Amino acid sequence: MNNQKDWQVKNLEAIRQRIDWLHKQPDGVIFSQPSGIHFLMIKKVKFIIQLVLVEQVTLKMNWVQSILNLNDPTYLIFPYTQAMMLGFLWNSQPQKVYLAGFGGGSIAQVLHHYFPDVTIECTEVDANVLEIAQKFFGVKLNERLQVKIQDGREYLEQKNHQDKYDMIMIDVAFGNGYMSYNLATQEFYELCDRYLSKSGVIVVNTLKSNGFEAEYVKTIKAVFPSIYICHTSGKNTIIIGTRDVFLTPAEIREKAKFIQNYYQFSFPLVDRANDLKILDELPNLDLEKVSILHDNVSPGNYFDSWLF
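Residues numbered from 1 in each chain as written. Predicted model: local features only at pLDDT ≥ 70, side-chain atom pairs only at ≥ 80, totals over all residues. Heavy atoms only, no water.

Quick look at the sheet that holds strand E3 (residues 48-55)
Stage number 1. Across the sheet, 4 strands lie side by side as E1-E2-E3-E4; this open sheet has antiparallel pairing. In this open sheet, the two strands that pair with only one neighbour each are strand E1 (28-35) and strand E4 (63-69). The average undirected angle you get between the axes of adjacent strands in this sheet is 20°.
Stage number 2. Here 8 bridges tie strand E2 (residues 38-45) to E3, and the two strands are oriented antiparallel to one another. Residue pairing across strands places Val 45 opposite Ile 48, the latter belonging to E3.
Stage number 3. Contacts from helix H4 (residues 127-136) reach E1, E2, E3 and E4, with the element oriented near 155° to E1. (Pairing = 2+ DSSP bridges. Helix = DSSP H or I, 4+ residues; strand = E, 2+ residues; numbered from the N terminus. Axes fitted to C-alpha atoms, helices over the stretch in contact; angles between N-to-C directions. Contact = heavy atoms within 4.5 Å.)

Below, the structure is given as structure tokens:
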């Protein structure tokens with residue numbers, strides 16, 4: 001445990017050194033770069049760094065993809081990123097994690113920091129975003145933290161079937177509600193199931209704003225029998241799927257407190273655990289009225305409101 005603490009002290013100092021230059025930057029937009037139909041914009045507000053997606057035609061800039069506290073770089077600011085860490089209630093000492101959707105690297109960097117024995121494999125579709133994560137968010141890749149520029153599903157499809165992950169995290173939902181359809185179907189979650197270890201867990205970030213929350217839940221439930229749902233203040237819905245028997249609310253709180261204390265997270269995991277629900281506790285989420293999402297057919301209105 002002491003060796004772990006020593007490593008974390010050194011690692012945190014290394015992160016601080018990589019982002020120290022940002023303290024001297026003025027408030028406002030400090031970087032902008034076109035990428036696809038967006039501008040990738042870095043905005044500084046006092047000690048907060050934001051990666052903002054700005055739609056090039058309308059110049060809408062309400063899609064904050066990643067955020068970093070320069071004074072506390074291992075603190076997960078977004079409640080939804082805190083909630084994604086609840087997956088560790090089912091596997092508190094993972095050896096291997098796969099994360100689809102790297103963004104500014106906040107989740108991956110926190111995993112790398114608090115779990116010094118874990119290997120994190122990540123995919124990101126935009127090479128420009130990876131460069132931004134390294135320059136503005138203090139991310140440094142190494143043998144334990146790896147990122148490949150590739151579609152998240154394609155990456156899994158090309159893996160060796162012997163590879164197993166203790167956790168698969170899907171974080172490809174944008175602030176406008178969009179979630180790539182090929183990462184939302186039953187066939188995709190069956191693929192994930194094949195690459196999970198015996199005690200493996202899947203954690204998926206979705207957004208209520210797209211109107212397909214019930215479909216997402218029903219689709220994941222078709223593969224993973226035990227489903228937990230966490231609604232966050234940021235209008236995200238985190239869906240956790242396991243093969244394990246259901247945990248009681250008391251067991252969830254007890255596990256969250258243990259993990260919080262053991263790893264000394266700087267963010268409030270216990271608060272997010274208190275928001276975790278099972279389907280019976282969400283009567284407004286009617287799965288009977290919706291269909292499971294499949295590769296061969298998507299709902300006619302799935303892409304209607306998104307500029308992609």
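Still more to cover.
Considering the packing of aromatic side chains
Stage number 1. If you walk through the whole model with that rule in mind, you get 17 aromatic pairs.
Stage number 2. Here Phe 31 and Phe 136 contribute two aromatic rings whose centre-to-centre distance is 5.2 Å and whose plane-to-plane angle is 45°, an arrangement assigned as tilted. In this pair, Phe 31 is assigned in strand E1 and Phe 136 in helix H4, connecting sequence segments 105 residues apart.
Stage number 3. On the accessibility criterion, Phe 136 (2% relative accessible area) is buried.
Stage number 4. Members of the aromatic cluster, joined through ring pairs, are Phe 88, Tyr 114, Phe 115, Phe 258, Tyr 262, Tyr 263, Phe 265 and Phe 267. (Phe/Tyr/Trp six-rings, centres within 6.5 Å; stacked < 30°, edge-to-face > 60°. Buried < 20%, exposed > 50% of the residue type's maximum accessible area, 1.4 Å probe, protein only.)

As for helix H3 (residues 106-114)
Stage number 1. By the criterion of burial, H3 is predominantly enclosed, with 9 of the 9 residues buried.
Stage number 2. Buried residues of H3: Ser 106, Ile 107, Ala 108, Gln 109, Val 110, Leu 111, His 112, His 113 and Tyr 114, and no others.

Let's talk about the environment of Gln 4
Stage number 1. Secondary-structure assignment places Gln 4 in helix H1 (residues 2-19).
Stage number 2. As for Gln 4 and Phe 136, which are separated by 132 residues in sequence, their C-alpha atoms are 26 Å apart.

A look at the pairing of E2
Stage number 1. Two strands pair when backbone bridges link them, and E1 and E2 are joined in this way by 7 bridges, in the antiparallel orientation. From the neighbouring strand, Pro 34 faces E2, where its bridge partner is Phe 39.
Stage number 2. Between E1 and E2, which pair antiparallel in sequence order, lie 2 residues; one of them, Gly 36, sits at a positive phi of approximately 65°.
Stage number 3. Here E2 hands over to E3 after 2 residues, with Lys 46 in that stretch at a positive phi of 60°.

Regarding the sheet that holds strand E9 (residues 196-207)
Stage number 1. An order of E7-E6-E5-E8-E9-E11-E10-E12 is seen for the 8 strands of this open sheet, with the pairing classed as mixed. Each of the sheet's edge strands pairs with one partner strand only, and the pair in question is strand E7 (145-149) and strand E12 (276-277).
Stage number 2. Pairing of strand E8 (residues 165-170) with E9 involves 5 bridges; the strand directions are parallel. Across the sheet, Tyr 165 pairs through a bridge with Leu 196, a residue of E9.
Stage number 3. Of the strands in this sheet, E8 and E9 are in contact with helix H6 (residues 186-194), which crosses E9 at around 145°.

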